[in-house]
Amino acid sequence: MKKFICYRLIYIFLLFTTTFINAQNELKEAIKKSKIGFEISETVSPLIEQRKAKVNFYVKAQLPIIPLENLNPDEKLVQELCFKNPNFTKYTKNSKGQNYINEIFGIYPVRPGDVNPKLLTDSAKLYRIEMFNFVLNVSTIAIVDINTKKFVFLNHYESAQPDIPIALKELAIEIAAKNKEVIEELGYQPTIKDALMPNTKTSLNKTRCERSQHLCVAPTFIKNDKALWAIVDLTSLKIAGIRWTNVGVTGPSLVTERNVQDDKITACYCEQLNNLKKDNWEVNYHLTTSDGLEIVDVKFNNLPVIKSVKLVDWHVSYSSTDGFGYSDAIGCPFFSQAAVYANQPPTVSDLKVNNETVGFVIDQQYFNPGWPMPCNYNYVQRYEFYKDGKFRVTTASIGRGCGNDGTYRPVFRIALQNAQGFEEWNGQDWKKWDTEHWTLQNDTTTLTKEKYLYKINTSGGGYFVEPNVGQFNDKSRGDNAFSYVTTYKTEEGENNLITIGPCCNTDYKQGPEKFIEPNPESLLNKELVFWYVPKMRNDDRKGYEYCWAESVLKNGVYESEIFPCFVGPMFVPFK
Amino acid sequence: MKYLIIILIFFTNNLLGQILSGNYCLKYPDFIKTEGYDLNRAAFSTSEVRKKGLFLNQYSLDKTKIEKQFHPASWESAGFLGGMIFDRVGNVYTFSAPHVNLIDNPPIKNNNIYIVDNKTAELKLWKSIPLCTDNFDENPFGVMGLTYHCMAKCIYASSISGSKRYEEKGKVYCIDEYSRTIKDSLTEFDGFGLCVISINGKFSLLMGNCRNSNLYSVDLADNGKFISKPTMVFSIENMGLRGDDKIRKIVYNNKDNTLTINSLEFNFNLAAVLNKPETNFKLKYDLEKKSWYRVN
């Protein structure tokens, strides 16, 4: 009997454990299969085109409000009264008189809870009207007595969204049901009836578009015991994310724009190494918790080239206030030390020069959710791999920061395979560095005629280092970099590095000097690491913007206009 | 003495709706007055823009601007700081809390609790809670919240040291006020804001959690030790600007019998909380239904 109970208990334990592990694995698979906005194609349909035309028409109108259609005479009167009331239309334009896009979401007789019961008299005929401002995320609610043509109540609510009208509900379903990726996921084209909870306001109930701050709804399609969520952005008329969840007994769990992004980036790029083979290159890459996108064990023509390259810090200082600035780490969106974090996965694209594909590029973007509002940051890391074996390590700030007097200093750690000698061009000849050392590239620095400044020797050849002096056709104003060479030590950056330097040092003390001072070591017969700290000064002058971003009102909604400042050296192989 | 306090609390509870904050005995520091600050217009702050450490600000009569600021050197020595609490004597307690980066708050110091002396105003290390890891890649944080329990003479500290994405390894400690020894701890709970309250004479610790938007409660013995598992008593999920805020601060006001929950966005990273205002929720307790409900 005891034996039986014991076996039974073991069986129950194993069953429970297996079920738990299966559920965890299923969740991870669902996360990996999910799609983030930019991975999803735009839905094409006549209904969407009609909507775009309508928005285009009203955003140029004197009064930029999309009216509610098919109204009875009373409702029509309410709408007309509101359009004539300057307080009701107060937030339909910005302070410069530029139009925002607004829409009347609902007009209906007041309900008992809408108004003070004392106002519900026989002589009053009260209607409630709701308008939504797509840019400011403001709802305007009014209660109008059509008998007296007076406003009983009028208020504007920030970060509030009224119930969406039927027309937008149908539009959301259309965007989801006719989307290529949604159809692929489901394995069939869903009908309108297949969508569940289409009128759920994502900001108030079951999901949100926290990052775009757009009006989103989530048509949800059930297939067997799973639910496919399509987060539809009704401002941009695109899908912000797609994700499967288990329906379970209590219905689908919460899916939002942010958690689709963060979960997928974490599962696919923070928790696993990705391998890319292209143009005779083999690149392994992953997102770190504070050192950005790291490329490791990179080969060209099957020969090891790069041990590791990463971006360990961004130092930002402002000259108007002494000692004011930030030292930002970039990396994974959560469970990390990142202050500015990835909001989309790395992308791989062709590298083109004069319309000719000369290699490929890996890009990774990081942002603060409020960007490009002041004191929010946006950085991009870019690795360029050329078919001829060259590679370039670059990064850019895309503003906007806390002022127009900002200086940015990214700190690269570059460890080439078997790097065992470092030489600097002194204007006439290559001069070997014998000990750990640093130097500053400035206007008087002499480059070779090929624009090389350093030479890193590796087994069987090496790489010339070509600093960026604006020759790479990316509108860069040059690197002006501090360069450091240290001996390779595991504890000096092989693993994730916490912030190594303060925001605001203007001299060589950007962090890597800690691995040199106070007693520089000999570089002879040692494997070395190259640290590179460029400097960029931001600029907000019209026509000269650099490391900058602006919010521009286009077609009634804000869009970002960006002015990146790319920096970083090219590595040119030699035998 | 203990029984007298219990009787007093029970008596006060009956008069004031049977709920009482556990820090009823708190006293503000003597140095506020000795440094020439007006208690009615002065407030402590650890979130001054572009400045690290603790500040005592005295506001103008119309409360629109800071009139003067007290900030001795030792108040900056522990880097950026989290929230603060007061004990019965007037000592202030606070903790190391990283802001944007780890330069001023190295992870090995993030489980430290500091005390500011009631008389001298000097900030010193009070208790270094043992770290639960030496790998801070995924989580550089330590102490996240403090609260004081007058009757049990202890300080509760929530710490998420050692927690990882798939492992909730945080602990809530009950630390003896005088001996500074850990009397008890609650494990595998990533606590955030804390607050001791007494309902019908029974003490419990209310706790936010760094991973979700729920408010939890755990029963306490008279000596402050934990005598139950945490149970969820309210949730702010889908409320406020963002919908997934975490509960950072919990304060029970004995005067109007409301519990104020202060929440913000927190995702186990060092992103600045700029442009992300905190949200306040006010709750009351329904003694019949034995549940919290929102009143604002």
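Computed from a predicted model, the values in this text were never measured in an experiment.

## Topic: the overall build of chain A
Secondary structure assignment for chain A yields six helices and 35 strands. When the backbone C-alpha atoms are referred to their principal axes, chain A occupies close to 95 × 85 × 45 Å. Counting across all 575 residues of chain A, residues that qualify as buried make up 45%. Summarising the internal contacts of chain A: among those between residues at least 6 apart in sequence, 62% fall at separations of at least 24.

## Observations concerning the overall build of chain B
When its secondary structure is counted, chain B shows two helices and 20 strands. At 18 Å, chain B has a C-alpha radius of gyration in line with the 19 Å of a compact globule built from 296 residues. Taking the principal axes of the C-alpha coordinates as reference, chain B spans close to 50 × 50 × 40 Å. Of all 296 residues assigned to chain B, the portion counted as buried reaches 44%. Taking as baseline every contact in chain B between residues at least 6 positions apart, the subset at least 24 positions apart corresponds to 49%.

## Digging into the interface of chain B and chain A
Often the size quoted for an interface is simply the accessible area lost on bringing the parts together. Across the contact, 23 residues belong to chain B and 27 residues belong to chain A. Classifying every residue of the side of chain B that touches chain A by side-chain character gives ten nonpolar, seven polar and six charged.

## Remarks on the sheet that holds strand β3 (residues 55-59) of chain B
Residue and element names in this part refer to chain B. Spatial ordering of the open sheet is given by β2-β3-β4, a layout of three strands whose pairing is antiparallel. Looking along the sheet, the strands with just one partner apiece sit at the ends: β2 (42-45) and β4 (66-70). Sheet twist, expressed as the mean angle between neighbouring strand axes with direction ignored, is 30 degrees. By the bridge criterion, four bridges tie β3 to β4 in an arrangement that is antiparallel. Its bridge partner being in β4, Q58 is matched across the sheet by K68.

## Quick look at the nonpolar core
All names here are of chain A. Among the nonpolar cores identified, the biggest contains 91 residues, and I330, C332 and V340 are the most heavily contacted of them. Residue contributions to this core peak at seven residues, all from strand β15 (residues 303-318). Non-local contacts of C332, meaning those with residues more than four positions away in its chain, are made with I265, T266, C270, L287, T289, A338, Y341 and A342.

## Brief notes about the domain arrangement of chain A
All names here are of chain A. Along its sequence, chain A is organised into domain 1 (28-37 + 166-266), domain 2 (69-158) and domain 3 (290-343 + 407-574). Each of domain 2 and domain 3 was reduced to a C-alpha centroid, and the two centroids are 56 Å apart. In this complex, domain 2 contributes seven residues to the contact, which on the side of domain 3 involves four residues. Split by residue class, the side of domain 2 that touches domain 3 holds four nonpolar, three polar and no charged.

## With respect to helix α6 (residues 257-270) of chain A
Residue and element names in this part refer to chain A. For α6, spanning 14 residues, the distance from its first C-alpha to its last is 19 Å, which sits close to the expected 20 Å at 1.5 Å a residue. Of all 14 residues in α6, twelve are buried, a share of seventy percent or more. Of the positions making up α6, those classed as buried are E257, R258, N259, V260, Q261, D262, D263, K264, I265, T266, Y269 and C270.

## Things to note about the environment of I227 of chain B
Residues and elements named next belong to chain B. Locating I227 in the fold gives a position in the loop between β15 (214-219) and β16 (231-235). Taking the C-alpha atoms as reference, I227 lies 28 Å from R165; in sequence the two are 62 residues apart. Residues in contact with I227, not counting those within four places in the same chain, are D219, L220 and A221.

## Looking at the sheet that holds strand β12 (residues 182-186) of chain B
All names here are of chain B. Taken in spatial order, the four strands line up as β9-β10-β11-β12 in an open sheet, and their pairing is antiparallel. Strand pairing shows two members of the sheet lacking a second neighbour, β9 (143-149) and β12, which therefore form its edges. Along the sheet, successive strands turn relative to each other by an average axial angle of 20 degrees, direction set aside. Pairing analysis gives six bridges linking strand β10 (residues 154-159) to strand β11 (residues 171-176), with the strands arranged antiparallel. The residue bridging I155 from the neighbouring strand is I175, located in β11.

## Describing the pairing of strand β14 (residues 202-209) of chain B
Residue and element names in this part refer to chain B. Buried residues dominate β14, accounting for seven of its eight residues. Note: strand β13 (residues 191-199) against β14, seven bridges, orientation antiparallel. Directly across from L194, in β14, lies its bridge partner M207. Bridge count for β14 against β15 is five bridges, and the pairing is antiparallel.

## Focus: the environment of N94 of chain A
Residue and element names in this part refer to chain A. With respect to the helices, strands and loops of the structure, N94 is situated in the loop between α3 (73-84) and β3 (102-109). The class for N94 is partly exposed, based on 13 C-beta atoms found within 10 Å. Separated by 462 residues in sequence, N94 and G556 have C-alpha atoms that sit 9.9 Å apart. With residues near it in sequence (within four places) discarded, N94 still touches Y100 and L553.

## Description of the environment of G421 of chain A
Residues and elements named next belong to chain A. Relative to the helices and strands, G421 is located in strand β24 (residues 421-425). Since 18 C-beta atoms lie within 10 Å of it, G421 is described here as partly exposed. For the pair G421 and Y377, spaced 44 residues apart in sequence, the C-alpha separation works out to 37 Å. With sequence-adjacent residues up to four places away left out, G421 is seen in contact with K432 and N457.

## A few points about the packing of helix α2 (residues 46-59) of chain A against helix α4 (residues 166-177) of chain A
Residues and elements named next belong to chain A. Two numbers describe how α2 lies on α4: the axes approach to 9 Å, and their chain directions differ by 130 degrees. On the basis of the axis angle, α2 is oblique to α4. For α2 against α4, the interelement crossing comes out left-handed. For the pair formed by α2 and α4, the contact residues are L47, I48 and R51 on the first element and L171, E174 and I175 on the second.

## Considering the confidence of the model for chain B
The predicted coordinates of low-pLDDT regions are not to be read in fine detail. The predicted model of chain B has a mean per-residue pLDDT of 92, with 93% of residues at 70 or higher. What the predictor reports for the complex is a pTM of 0.89 with an ipTM of 0.89.

## Side note on the confidence of the model for chain A
For chain A, the average pLDDT comes to 91, and 93% of its residues sit at 70 or higher. Confidence drops under pLDDT 50 across residues 198-205 of chain A; counting only partners more than four residues distant or on other chains, this segment forms 28 contacts.

## Digging into unusual backbone geometry
The phi angle of most residues is negative, glycine excepted, and most peptide bonds adopt the trans form. With an omega dihedral of -15 degrees, the bond running from G399 of chain A to R400 of chain A counts as a cis peptide bond. Its location among the elements puts R400 of chain A in strand β22 (residues 391-400). Of note, the bond from E517 of chain A into P518 of chain A is cis; its omega dihedral lies within 30 degrees of zero at 0 degrees. Summarising the element assignment, P518 of chain A is placed in the loop between β29 (482-487) and β30 (528-533). Phi is positive for N354 of chain A, close to 50 degrees, though the residue is something other than glycine. Inspection of the secondary structure puts N354 of chain A in the loop between β19 (347-353) and β20 (356-367). A positive phi angle is found at R50 of chain B, which is not glycine, with a value near 65 degrees.

Cut-offs applied
Residues numbered from 1 in each chain as written. Chains lettered and ligands numbered in written order. Predicted model: local features only at pLDDT ≥ 70, side-chain atom pairs only at ≥ 80, totals over all residues. Helix = DSSP H or I, 4+ residues; strand = E, 2+ residues; numbered from the N terminus. Buried ≥ 20, exposed ≤ 12 C-beta atoms within 10 Å, placed from the backbone. Contact = placed C-beta atoms within 7 Å. Rg over C-alpha atoms; globule rule 2.2 N^0.38 Å. Nonpolar A, V, L, I, M, F, W, Y, C, P; charged D, E, K, R; others polar. Pairing = 2+ DSSP bridges. Axes fitted to C-alpha atoms, helices over the stretch in contact; angles between N-to-C directions. Core = buried A, V, L, I, M, F, W, Y, C linked by C-beta atoms within 7 Å. Domains from an automatic or database assignment. Expected span 1.5 Å × (residues − 1). Parallel < 35°, antiparallel > 145°, perpendicular 65-115°, else oblique. Left-handed = near helix turned anticlockwise from the far one by under 90°. pLDDT = per-residue confidence, 0-100.

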